[in-house]
Amino acid sequence: MRESTDFLVIGSGIAGLSFALHAARHGEVVVVTKRAAGDSATSWAQGGVAAVLGPEDSFSKHADDTRVAGAGLCHDIVVDLCVREAPEAVRWLAGVGASFSTNSNGDLDLGREGGHSERRVVHAGDITGREIQRALLEAVRASPNIRMLEWHMGVDLITMSSFGGPDICVGAYVLDEERGVVDTILARTTVLATGGAGKVYLYTSNPDVATGDGVAMAFRAGAEVANMEFFQFHPTVFYEPKAKSFLLSEALRGEGATLRLPDGQAFMARHHALGDLAPRDVVARAIDFEMKRSGSEFVLLDITHKAADFVRSRFPNIHAECKSYGVDITSEPIPVVPAAHYLCGGVTSDLHGRSTLPGLWVLGETACTGLHGANRLASNSLLEGLVMARRAADKLGGLIEGLRGTPLPEVPEWQTGSAVPSDEAVVVTHNWDELRRLMWNSVGLVRTDARLRRAARRVALLEQEIREYYWKHLVTRDLLELRNIATVAELVISSAASRRESRGLHYTIDHPDTLAEFASDTVVKRGVLPHLRERRGAAA
Ligand SMILES: Cc1cc2nc3c(=O)[nH]c(=O)nc-3n(C[C@H](O)[C@H](O)[C@H](O)COP(=O)(O)OP(=O)(O)OC[C@H]3O[C@@H](n4cnc5c(N)ncnc54)[C@H](O)[C@@H]3O)c2cc1C
């Protein structure tokens, strides 16, 4: 099947849905999303959205906190515009129908999180993301200009040479899972909003959809990708093998929870002046260090000194979830471990979400705007998705009429080398497992040159195996995700290897100092990783 639209949005989290709502004022929007529409990291966000709304707060304090976390790599202009546009973005969300927690005066209740010098986190209890996703989805479903295609997965971007000039993006090939076929969707503008890539690591706080598809697709199509070595590990994910990726919000520590060793000893004061409120990379590495030092499989997060009623009403979801696994957080500490949480790098974008590939725009966690630098300040990512979605739609609103003047091109239908269903799905499962374990063990919180070299060799082999398998078999979601994860792994490793210093989230034992000569973004373009230069059918 082949269809066309003004705006093709790939992904239905905060970035994709916000963009769709703004863009629907200017033209037709098709949103494709690879599972159910509510399946996103956005739905899982607990803490909230950072915005200067309190009387003691100021834009300069929010900007300074963002820059301190970003360890010298934040782009000032992006920090300033995101911070200044944050209050309006929150008001827009409330206008769309998101209901946030208020205090006894009826004002927004502002939470405090690690790295923030003021209370500025707008939240809906501890299910902020679920509330935002609900409100956005309801608005999207009510909009006559937006069509949502669930269980439709972006496979590859379609690029065309523009009269001998650079390639332009004119849409995407999209796998319709129900029909098992790959459709062609042409678009005047294609927007990647596919979220993060936590699934590249064995342990992650992210939902299953976070397989870095947007970064991999954009990279294959020739867009520039940056800062992939800066992967944020959330310090506190519930340590319970049966609980899948359940995160214990930093707001717990913001409200006074203390990290302790299993013997009850508090340890964060040994690692940072801010103690339990230190930036999350410091906390995650401290936990990793203390676990390795003590041989413990977890540490404890303790909020039992707070009144039980307060804990239950401030963290109803966390309380209920832990209780369902037998831990009553009002009376006993919670076992926790660090896990891969947030991708600070991604597809390079300008101040309006434009990538370096003409026709391709990129938003949310998939993008690298320069806001986060080498480390993200908590609750700045929902904010970034909101602000950049509006900026992109406003810019495109002024361009779309002109774009309609050029007819969309004829493009070939999707083809794989050979469309044979595989009877060896186990190959996919094994490679998934091996790749994620390798990334966890060798490219995790603490890196070394030798570990990165070993990881690069292993991933190159796996990538080749996956590529050969890919071109010989019918595409499935699992196979496509594996292919994307392999690309993301290569990008993380090569970026980490090229940064011969420690900065923000990238910490390497071999180069422990932060060096002025590395105070710039790590930019990767297609061609830098030669074995990734694939042509459709080449390996068949
Ligand atoms: C547990 C948890 C708690 C968090 N808490 C906070 C918080 O309190 N505050 C904060 O600011 N940030 C928080 N974050 C981070 C924040 O939630 C994410 O960065 C943000 O929601 C990303 O939004 P997004 O729209 O870019 O992506 P997502 O919300 O992840 O949405 C991506 C969408 O793209 C779809 N998709 C992916 N690949 C494809 C494909 N190939 N084809 C079609 N569709 C595709 C997915 O199915 C999904 O619909 C948290 C993250 C997690 C995991």
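Refer to the preceding data block for the structure.
Fair warning: this is a prediction, and the values are worked out from it, not measured in the lab.

1. Points about the site of the ligand
- Close contacts around the ligand come from 39 residues, with Thr-42, Gly-47, Asp-213, Glu-365 and Ser-381 the closest.
- Between Gly-48 and the ligand, the recorded distance is 2.8 Å, taken from a backbone N or O atom to a nitrogen atom.
- One of the side-chain nitrogen or oxygen atoms of Arg-376 is found 3.2 Å away from a nitrogen atom of the ligand.
- Within the complex, 98% of the 1,000 Å² of free accessible area of the ligand lies under protein.
- Tallied by class, residues from the shell around the ligand come to 14 nonpolar, 20 polar and five charged.

2. Remarks on the nonpolar core
- One finds Leu-157, Tyr-201 and Phe-231 to be the most contacted residues of the largest nonpolar core, which totals 72 residues.
- It is helix H14 (residues 477-498) that contributes the most residues to this core, eleven residues altogether.
- Not counting the four nearest positions on each side in its chain, Tyr-201 is found in contact with Phe-231, Phe-233, Ala-340, Arg-436, Met-439, Trp-440, Val-443, Gly-444, Arg-447 and Val-492.
- Residues Ala-89, Ala-98, Ala-124 and Leu-382 belong to the second largest nonpolar core, which totals 54 residues.

3. Overview of the packing of helix H3 (residues 59-70) against helix H4 (residues 76-96)
- Look at H3 against H4: their axes get within 9 Å of each other, and the N-to-C directions meet at 135°. One way to sum up the angle between H3 and H4 is to call them oblique. Between H3 and H4 the crossing geometry is right-handed. Residues Phe-59, His-62, Ala-63, Thr-66 and Arg-67 of H3 pack against Asp-76, Val-79, Asp-80, Val-83, Arg-84 and Pro-87 of H4.

4. With respect to the sheet that holds strand S10 (residues 225-226)
- Strand order in the open sheet formed by four strands is S17-S15-S10-S18, and the pairing between neighbours is mixed. The open sheet terminates on both sides in strands that have one partner only, identified here as strand S17 (367-368) and strand S18 (523-524).
- Bridge count for S10 against strand S15 (residues 346-348) is two bridges, and the pairing is antiparallel. Residue Ala-226 lies in a different strand from S15, and its bridge partner there is Gly-346.

5. Describing the packing of aromatic side chains
- Inspection of every chain in the model, using the stated rule, returns ten aromatic pairs.
- Between Phe-238 and Tyr-325, the aromatic rings sit 5.9 Å apart at their centres with planes inclined by 65°, giving edge-to-face as the arrangement. Within this pair, whereas Phe-238 is found in strand S11 (residues 231-238), its partner Tyr-325 is found in the loop between helix H10 (316-324) and strand S14 (334-343), the two being separated by 87 residues in sequence.
- With a relative accessible area of 4%, Phe-238 lands in the buried category.
- Taking the relative accessible area as the measure of exposure, Tyr-325 reaches 31% and is therefore partly exposed.
- Linked through ring pairs, Tyr-201, Tyr-203, Phe-231, Phe-233 and Trp-440 together constitute an aromatic cluster.
- The cationic tip of Lys-306 hangs over the ring face of Phe-310; the distance from NZ or CZ to the ring centre is 5.4 Å.
- For the cation-ring pair, Arg-376 lies above Tyr-342, with the distance from its terminal atom to the ring centre recorded as 4.3 Å.

Conventions adopted
- Residues numbered from 1 in each chain as written.
- Predicted model: local features only at pLDDT ≥ 70, side-chain atom pairs only at ≥ 80, totals over all residues.
- Heavy atoms only, no water.
- Near = heavy atom within 4 Å.
- Polar contact = N/O pair within 3.5 Å; in protein donor to acceptor, adjacent residues only side chain to side chain.
- Areas by Shrake-Rupley, 256 points an atom, 1.4 Å probe, with all protein chains shown as cover.
- Nonpolar A, V, L, I, M, F, W, Y, C, P; charged D, E, K, R; others polar.
- Core = buried A, V, L, I, M, F, W, Y, C linked by side-chain atoms within 4.5 Å.
- Buried < 20%, exposed > 50% of the residue type's maximum accessible area, 1.4 Å probe, protein only.
- Helix = DSSP H or I, 4+ residues; strand = E, 2+ residues; numbered from the N terminus.
- Contact = heavy atoms within 4.5 Å.
- Axes fitted to C-alpha atoms, helices over the stretch in contact; angles between N-to-C directions.
- Parallel < 35°, antiparallel > 145°, perpendicular 65-115°, else oblique.
- Left-handed = near helix turned anticlockwise from the far one by under 90°.
- Pairing = 2+ DSSP bridges.
- Phe/Tyr/Trp six-rings, centres within 6.5 Å; stacked < 30°, edge-to-face > 60°.
- Lys NZ or Arg CZ within 6 Å of the ring centre and 35° of its normal.

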